[in-house]
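Structure at a glance
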Amino acid sequence: MFSQLSFDFLNSLAANNDREWFKANQQQYEDQVRTPALQFIEAMQGPVLALSPRFIAVAKKVGGSLMRPQRDSRFSKNKTPYKTNVGIQFKHFQAKDVHAPGFYVHIANDECFIAAGIWHPESKALNAIRQCIDENPNAYQKALGQLKQAGFELTGDCLSRPPRGFDKNHPMIDELKRKDFIAIKPISPQQICQADFVEFCAQEYLHTSALMAYLCFALDLDF
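Residues numbered from 1 in each chain as written. Predicted model: local features only at pLDDT ≥ 70, side-chain atom pairs only at ≥ 80, totals over all residues. Heavy atoms only, no water.

As recorded in an unreviewed UniProt entry, the protein chain goes by the name DUF2461 domain-containing protein, listed as coming from Shewanella livingstonensis.

1. Some points on the pairing of strand E2 (residues 102–108)
The buried fraction of E2 is high, at seven of seven residues. Of the two faces of E2, both are covered, the one formed by Gly-102, Tyr-104, His-106 and Ala-108 as well as the one formed by Phe-103, Val-105 and Ile-107. Bridging between strand E1 (residues 85–91) and E2 involves seven bridges; their strand directions are antiparallel. Within E2, the residue paired with Asn-85 across the bridge is Ala-108. As defined by bridge partners, E2 adjoins strand E3 (residues 112–118) across five bridges and the pair is classed as antiparallel. The residue of E3 that forms the bridge with His-106 is Phe-113. Adjacent in sequence and paired antiparallel, E2 and E3 are bridged by three residues. (Buried < 20%, exposed > 50% of the residue type's maximum accessible area, 1.4 Å probe, protein only. Helix = DSSP H or I, 4+ residues; strand = E, 2+ residues; numbered from the N terminus. Pairing = 2+ DSSP bridges.)

2. Thoughts on the sheet that holds strand E5 (residues 181–187)
The strands making up a sheet associate through hydrogen bonds between their backbones, and the pairing can be parallel or antiparallel. One open sheet accounts for five strands, arranged E1-E2-E3-E5-E4; its pairing is antiparallel. Only two strands of the sheet have a single neighbouring strand rather than two, namely E1 and strand E4 (153–155). Between one strand axis and the next, the sheet turns through 25° on average, direction left out of account. Across the sheet, helix H3 (residues 26–51) lies against E1 and E2, angled at about 25° from E1, the strand it touches most. (Axes fitted to C-alpha atoms, helices over the stretch in contact; angles between N-to-C directions. Contact = heavy atoms within 4.5 Å.)

3. What to know about empty space enclosed by the protein
Overall, the coordinates contain one cavity of 30 Å³ or more when judged by the stated rule. Taken as a whole, the largest cavity holds about 120 Å³ of empty space. Tyr-29, Val-33, Pro-69, Asn-85 and Val-86 are the residues nearest the centre of the largest cavity, which is lined by 15 residues in total. Elements that contribute at least two residues to the lining of the largest cavity include exactly helix H1 (4–15), H3 and E1. Counted by class, the lining of the largest cavity contains 10 nonpolar, two polar and three charged residues. (1 Å grid on protein atoms, 1.4 Å probe; cavity = no way out; pocket = protein on both sides within 12 Å on 5 of 7 lines; lining within 4 Å. Points joined across faces, edges and corners; volume = space filled by probe spheres on them. Nonpolar A, V, L, I, M, F, W, Y, C, P; charged D, E, K, R; others polar.)

4. Here's the deal with helix H9 (residues 209–218)
By the burial criterion, the buried members of H9 are Leu-211, Met-212, Tyr-214, Leu-215, Cys-216 and Ala-218. Buried residues belonging to H9 abut E2, E3, helix H4 (123–135), helix H5 (137–149), E4 and E5. Directly beyond the C-terminal end of H9, a positive phi value near 60° is found at Asp-220.

This is the structure:
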């Protein structure tokens, strides 16, 4: 699956981030990045299903669990056409886009991590999660404890002020201010290149299952 060659290609892409270079090195991308990524996704189908039958690992070049290499630079100052990372997301089968609960793997030369949770949920979903934390704080705190024990950290954007409808002295105010609910654990390129990387991910994602179940409950999704 992944090897040092995958990281070497991403390094070369960072130094030559234009369409002509990518086109000339398309086969290298296929052999060293996309094929290993699709093999990994295929191997993760069983483990993801074991975590929850509601999440899917789809080994397709386009429209599956592998995020496309092209960047959407329309609203960004950075106009380079390609991402210099590999993004893999195992989404909930009812999810319409990336802003839904999912398990995630991020592979890049500057940072590698595995993650689980929900990134940038739309306002209706965000309000539902906050309401759930307000009404069911114990299960949420238990999920946080499980994450911390396993070396995951809840990260993402937060409001500077309390969200509308919540008192600044609310005992869970720091959690209610969150705009993202993503648990991240840094990993090394060496771990990604190991033969047991699939088993490693399956084991680590187990520690995030309480958070994922909680988010699905809050959003009225099956888990």
